[in-house]
Amino acid sequence: LAHLPSVQDSNRVEVSGDIDEGTKTINDYVIVAPIGSGSQGSVELAVTLAGEPRAIKSLKRSALMKINEAQIRREIAIMKKLRHDNVVRLFEVI
């Protein structure tokens, strides 16, 4: 596990888009397509600037008000520790 990079914690959120091309960028990720959505948020397919595929999970502000902050922090802490081929890996917390 030492060869895997640690999870990044970003202190910035930079959102931009190009209406003509229909693209949206969040930090270093270009949003490609929606994957799914639910009552608490959505997941979108994105690619890094290096072309690596990623899934971005976004929580709705209204859902954040209902969810205990400790639950969110616990999920992030668990995801930071998980390293398995069959489990989604956390790369960055924005």
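Rules of the game
- Residues numbered from 1 in each chain as written.
- Predicted model: local features only at pLDDT ≥ 70, side-chain atom pairs only at ≥ 80, totals over all residues.
- Heavy atoms only, no water.
- Helix = DSSP H or I, 4+ residues; strand = E, 2+ residues; numbered from the N terminus.
- Contact = heavy atoms within 4.5 Å.
- Core = buried A, V, L, I, M, F, W, Y, C linked by side-chain atoms within 4.5 Å.
- Buried < 20%, exposed > 50% of the residue type's maximum accessible area, 1.4 Å probe, protein only.
- Phe/Tyr/Trp six-rings, centres within 6.5 Å; stacked < 30°, edge-to-face > 60°.
- Lys NZ or Arg CZ within 6 Å of the ring centre and 35° of its normal.
- Salt bridge = Lys/Arg side-chain N within 4 Å of Asp/Glu carboxyl O.

Asker: Got a minute to help me understand the side chain of Glu-92 in this structure?
Answerer: Structurally, Glu-92 can be placed in strand β7 (residues 92-93). Once residues within four sequence positions are removed from consideration, Glu-92 is found in contact with Val-7, Gln-8, Ser-10, Asn-27 and Tyr-29.

Asker: So what exactly am I meant to see when it comes to the nonpolar core here?
Answerer: Soluble globular proteins tend to pack their nonpolar side chains together in the buried interior. In this structure, Ile-26, Tyr-29, Ile-31, Ala-46 and Ile-56 together form the largest nonpolar core, which totals five residues. If near-sequence neighbours (up to four positions away) are discounted, Ile-31 is found in contact with Lys-24, Ile-26, Glu-44, Leu-45, Ala-46 and Ile-56.

Asker: What is the right way to read the packing of aromatic side chains from this model?
Answerer: The relation between two aromatic rings is expressed through the spacing of the ring centres and the mutual angle of the planes. Throughout the structure, instances matching the rule amount to zero aromatic pairs. Taking the ring centre of Phe-91 as reference, the NZ or CZ of Arg-54 above it sits at 3.6 Å.

Asker: What is the right way to read the pattern of salt bridges from this model?
Answerer: A side chain with one charge can pair with a side chain of the opposite charge if their charged atoms come near. If you walk through the whole model with that rule in mind, you get two salt bridges. As a salt-bridge pair, Arg-54 and Glu-52 come within 3.2 Å of each other at their nearest N and O atoms. For Glu-75, the salt bridge goes to Lys-57, with nearest N and O atoms at 2.9 Å. Of this pair, Glu-75 sits in helix α2 (residues 69-81) while Lys-57 is found in strand β6 (residues 53-59), placing the two residues 18 residues apart along the sequence. Residue Glu-75 is classed as partly exposed on the basis of its relative accessible area, which comes to 40%.

None of the figures reported here should be taken as evidence of function without further support.
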